[in-house]
Amino acid sequence: MAALIRSFDWSTTPLGPRELWPQSLRTVVSILLTSRYQMWMAWGPELTFLCNDAYTPTLGIKHPGALGTRAQDVWAEIWPDIGPLIAKVLETGTATYEEGLLLFLERSGFPEETYHTFSYSPLSDDEGRISGMLCVVTEETNRLIGERRVETLRDVASALAGASKEDEVLRALRDQLTRNKKDLPFTLTYLFEDSGDAKLACSSGISRVSDFAPERIPRGSDSPWPAAQLLDHPVRQPIDVRPLRNRSALPAGDWNRPPDQVDVVPIGQQGREQPAGFFVVGINPYRRYDGAYSGFIDLLSGQIAAALGNARAYETERQRAEALAELDRAKTTFFSNVSHELRTPLTLMLSPVEELLAKSGAESPPDQRELLELVHRNGLRLQKLVNTLLDFSRIEAGRMQAAYEAVDLALLTAEFSANFRSAMERAGLEFRIECGPLPEPVYIDCEMWEKIVLNLLSNALKFTFEGQVSISVEASEKHARLTVADTGLGIAESELPHIFDRFHRAAGRKGRSIEGTGIGLALVQELVKLHGGSITVQSELSKGSTFTVTIPFGMQHLPKESIGAAGVSAKPDTYLREALRWLPDFPVGGSPYDSSQTVGADARAERILLADDNADMRDYVARLLSERYHVTAVTNGEQALEAALAAPPDLIVSDVMMPGLDGFELLKELRGQPATRTIPVVLLSARAGEESRVEGLGAGADDYLIKPFTAKELLARVGAQLAMQRRRLETEKQLQHSNAELRRANADLEQFAYSASHDLQEPLRQVAVFSQMLSKKYGGTLEADAAEYLDFCVDGAHRMETLISGLLAYSQAGKTSEASPAPVDMNAVVDEVKKNLATAIEESDAVISVSNLPVVEGDPAPFVHLLQNLISNALKYQSGEAPRVMLAAEADGDFWRFSVQDNGVGIPQEFQKQIFGVFKRLHDRKVYPGTGIGLAICQKIVDRYGGKIWVESAPGLGATFFFTLPRQSGEPS
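The rules behind the values
Residues numbered from 1 in each chain as written. Predicted model: local features only at pLDDT ≥ 70, side-chain atom pairs only at ≥ 80, totals over all residues. Heavy atoms only, no water. Core = buried A, V, L, I, M, F, W, Y, C linked by side-chain atoms within 4.5 Å. Buried < 20%, exposed > 50% of the residue type's maximum accessible area, 1.4 Å probe, protein only. Helix = DSSP H or I, 4+ residues; strand = E, 2+ residues; numbered from the N terminus. Contact = heavy atoms within 4.5 Å. Pairing = 2+ DSSP bridges. Axes fitted to C-alpha atoms, helices over the stretch in contact; angles between N-to-C directions. Salt bridge = Lys/Arg side-chain N within 4 Å of Asp/Glu carboxyl O. Phe/Tyr/Trp six-rings, centres within 6.5 Å; stacked < 30°, edge-to-face > 60°. Lys NZ or Arg CZ within 6 Å of the ring centre and 35° of its normal.

Q: Help me get a handle on the nonpolar core, residues and values and all.
A: Within the largest apolar cluster, 50 residues are counted, with the highest numbers of intra-cluster contacts made by Trp449, Ile452, Leu456, Leu482 and Val549. Considering every element that reaches this core, the biggest residue donor is helix H13 (residues 446-462), with ten residues. Apart from residues lying up to four places away in sequence, Leu482 is in contact with Thr413, Trp449, Ile452, Val453, Leu456, Ile471, Ser472, Val473, Phe547, Thr548 and Val549. Within the second largest apolar cluster, 40 residues are counted, among which are Val824, Val830, Trp896 and Phe963.

Q: Any chance you could break down the sheet that holds strand E16 (residues 479-486) for me, citing the residues and the numbers?
A: Overall, mixed pairing links the five strands, which are arranged E13-E15-E16-E18-E17 in an open sheet. With one partner strand each, in any of the chains shown, strand E13 (430-435) and strand E17 (534-540) form the two edges of the open sheet. Strand-to-strand twist across the sheet, computed as the mean angle between neighbouring axes with direction ignored, equals 15°. Sheet strands touched by H13: E13, strand E15 (468-476), E16, E17 and strand E18 (544-552). Its angle to E16, the strand with the most contacts, is close to 25°.

Q: Report on the pattern of salt bridges, specifying residues and quantitative values.
A: Tallied over the entire structure, the rule returns 36 salt bridges. The residue Arg129 makes a salt bridge to Glu127 at a minimum N-O spacing of 3.5 Å. A salt bridge links Arg143 to Glu147, with the nearest nitrogen and oxygen atoms 3.1 Å apart. With Arg143 and Glu147 both in helix H6 (residues 141-161), this residue pair falls four residues apart, about one helical turn. A residue is classified by how much of its surface remains accessible, and Arg143, at 40% relative accessible area, is partly exposed.

Q: Kindly report on the packing of aromatic side chains, identifying the contributing residues and their values.
A: Counting across every chain of the model gives 18 aromatic pairs. A centroid spacing of 6.4 Å and a plane angle of 50° characterise the contact between Phe49 and Tyr55, whose relative ring orientation is tilted. A relative accessible area of 5% places Tyr55 in the buried class. Measuring from centroid to centroid gives 6.0 Å for Phe212 and Trp225, while their planes differ by 40°, and the two rings are tilted. On the criterion of sequence distance, the pair formed by Phe212 in the loop between strand E7 (198-204) and strand E8 (216-217) and Trp225 in the loop between E8 and helix H8 (227-232) is long-range, its members being 13 residues apart. Counting every residue linked through ring pairs, the aromatic cluster contains Trp40, Phe49, Tyr55, Phe118 and Tyr120. Above the face of the Trp950 ring, Lys948 is positioned so that its terminal group lies 5.6 Å from the ring centre.

Q: Break down the environment of Ala66 for me, with residues and values.
A: Inspection of the secondary structure puts Ala66 in the loop between helix H3 (56-59) and helix H4 (71-74). Exposure remark for Ala66: the relative accessible area of 5% places this residue in the buried category. Spatially, the C-alpha atoms of Ala66 and Cys51 are 9.1 Å apart, while their sequence positions differ by 15 residues. In this structure Ala66 touches Phe49, Leu59 and Val74, once residues within four positions along its chain are discounted.

Q: Explain the pairing of strand E28 (residues 884-892) to me, using residue names and the numbers behind them.
A: As judged from the four bridges shared by strand E26 (residues 847-850) and E28, these two strands associate in the parallel manner. By the bridge assignment, Val847 is partnered in E28 with Arg884. Taken together, the seven bridges between E28 and strand E29 (residues 895-901) define a ladder with antiparallel strand orientation. In the strand pairing of E29, Asp892 is matched with Phe895. Between E28 and E29, which pair antiparallel and follow one another directly, the connecting turn spans two residues, one of which, Gly893, has a positive phi of 65°.

No statement about biological role is implied by the geometric values presented.
Structural data, given as structure tokens:
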């Protein structure tokens with residue numbers, strides 16, 4: 001600026017030549033130019049404009065033309081705002097001060113929103129008169145606009161943080177965006193529906209009846225905003241709206257004119273490319289749409305996207321929770337109702353059975369009494385399950401009525417536990433009962449406490465195979481503590497948090513039985529809670545588990561109305577009977593089918609292997625089948641696999657749900673063994689429904705029978721599978737016999753073809769030779785027709801000889817050489833082929849190029865035949881120019897993939913698979929002579945070595961034949 005002032009012709013301005021300036025003016029200009037602070041000044045009656053370098057960014061496009069011009073001309077657009085302030089300074093000599101004053105400067109080609117903090121000070125000449133003014137200014141546009149935008153972002157974030165539903169998000173967004181109409185004169189938030197329509201969800205600063213704010217933009221439409229483009233290609237769309245005829249209808253926000261631009265930004269969705277909607281923002285007409293402005297809108301759209309995503313996730317989770325709660329209520333109601341309904345028929349079943357057992361005594365036949373006992377045992381087991389479900393549903397519905405009474409908890413627990421001693425001893429477990437005296441009585445519901453004790457002991461027996469089970473009762477401060485510990489399988493750490501959840505069954509936990517409802521421990525926990533107590537578990541895999549129940553002493557924690565008479569006993573024999581059935585060496589009812597015993601019809605009968613972990617079911621099925629078949633019954637999948645591999649049966653019947661190796665795993669193992677792969681397998685399962693049946697059959701089962709089933713159905717299914725197996729075996733024998741006959745026929749046919757070809761070739765050669773001799777000797781004296789007939793004879797004999805040679809080669813091509821495969825250098829094979837085809841190559845001016853071919857395993861003779869056929873075809877089917885044949889190979893796993901490429905006539909797509917058939921010809925025999933056997937021979941040779949052959953071609957563009965041959969043994973892939 002100093003250089004510009006020195007070079008400027010000031011004589012054309014009211015200030016006159018610089019040499020005539022008063023000293024006061026020189027001094028002020030010197031101070032102005034040396035300052036790094038933004039300054040400008042006006043001097044003289046015309047207020048001539050000068051400034052320093054720091055001020056030029058404020059001038060913008062007005063620099064350098066503003067120098068020496070009247071100040072009111074330089075800042076004509078803001079003179080109504082600053083002119084009175086300058087006049088006051090000049091008149092009064094008093095300085096002014098303005099902070100953050102809004103001024104619309106036209107320094108960038110348009111009126112621009114700017115903010116300035118400045119002071120106007122008077123300037124005196126050499127005589128002390130006020131002759132001008134000095135402005136010291138700080139432009140604060142970026143700071144103030146930045147603070148305004150940050151405040152908007154902060155307020156929006158704060159408002160959205162408290163919104164958990166989508167309508168709350170949209171309401172908070174509308175309220176906050178309305179507060180900044182300078183940067184956001186108007187906004188529209190559209191959300192895409194499942195149909196693809198864009199629906200207006202929220203707006204600010206614009207009427208909902210405006211043409212620019214339609215309630216819905218149909219799918220595929222881009223009017224008035226590019227909804228269709230954003231749905232398919234979510235890229236922001238800045239739009240220049242100045243060409244619009246009705247642009248004046250756009251709201252102006254806090255300004256006096258509508259926006260010139262609108263930014264349309266997609267609202268993203270986490271994990272999805274398609275946006276949730278889009279955000280339309282009217283751009284401040286007095287600010288340039290730069291990176292800072294764009295970044296501000298991006299942050300806003302990001303906040304909207306995050307808030308909508310959180311709200312939708314919350315809504316989804318809320319709906320899921322409500323659905324689960326509703327399902328819980330429905331399930332509880334169902335269990336309560338069905339349990340009540342089941343008890344009546346159960347009672348009518350059990351009572352008559354008990355009466356028959358009591359009357360029959362020792363007089364009834366053993367098999368009849370055994371069936372009655374089977375019905376009675378399983379009826380009691382079903383009754384226990386029904387009662388458990390009913391108890392649980394009552395607890396959940398708040399209808400469980402307890403009757404608490406003061407008891408000697410140690411003595412009562414010891415009595416309940418003693419019922420399990422016989423079962424523990426039969427299982428080979430040490431059973432310790434350590435119930436010492438307590439300092440005071442404990443208030444409990446005796447029936448509930450019995451269920452707690454028996455459930456915990458049942459679980460301990462079920463999952464403990466060796467070692468001990470112990471139960472103890474002792475005092476612990478103000479509580480009585482029950483502890484049931486075992487040295488069993490233990491529980492995985494990941495399962496411990498869920499062990500008391502309803503219907504939860506630990507994955508992969510292999511007990512004595514896989515049967516169970518998964519509500520025993522959940523019921524125990526609820527019963528303990530009804531006593532004001534708690535239950536915990538400590539466990540480690542393979543080391544055992546310890547369940548601890550604590551019950552407060554006294555009765556202050558119990559409802560007074562429930563303290564009274566004792567309840568009804570839970571019948572410990574029901575728990576005991578079920579536990580005893582888990583022990584394979586304890587045949588309740590005298591079953592003869594446990595422990596892998598074999599029973600049934602005579603030795604000529606078909607043999608069936610039966611696997612089921614439920615003793616009663618195993619006994620029942622074995623009894624049904626043993627009347628017709630030879631039955632071997634085992635208790636689990638491991639025993640079934642071992643028995644099947646040792647002596648493969650004719651059929652296997654297996655339960656699906658078994659501890660250890662279940663039915664599906666057993667089926668997989670059987671299908672993976674050659675000895676058992678084809679044995680028919682019938683699966684039995686209590687899982688009903690089409691999905692279960694499809695799963696079973698899809699796993700490879702031959703049949704899938706759903707429990708409960710009738711004896712007639714079981715026998716019919718088993719009989720049908722055995723009948724089909726017999727037919728399969730007979731068919732296999734017939735097929736083996738047919739294959740042997742076919743091999744003998746093929747050998748005879750090959751021998752016949754070989755002999756016939758030799759026998760036919762000799763007379764054909766004689767026909768050709770003698771015809772040629774006749775033509776040579778008498779050709780000059782024969783009539784034209786006679787000479788032509790002799791030529792036909794020669795030509796036909798040659799074609800016939802070629803055809804017979806081809807058939808002989810075809811019959812021999814697939815024969816496996818008796819010699820061991822040897823390394824064959826395919827480069828040497830090509831050299832041999834070139835020698836054989838030397839005449840044809842020379843006559844056609846063919847060029848045969850060969851890349852370095854590999855060494856393969858096999859017999860060189862068929863490889864020569866293979867390449868000779870392919871190369872001779874390339875020479876034969878020319879397109880008018882000299883043949884060019886290129887041979888190459890590249891590795892393809894355990895094979896080499898060879899290619900033979902030519903520039904011939906090519907092969908249409910529809911014939912490219914047919915040409916490898918015998919006698920398949922695509923071209924005129926007169927133009928392209930041949931037998932139609934060559935490519936069939938090629939395929940037979942390649943098949944012989946386990947490879948494949950194919951062609952890629954197009955008419956007029958040549959053909960490339962590909963084939964694969966095995967690599968040498970031990971050669972790295």
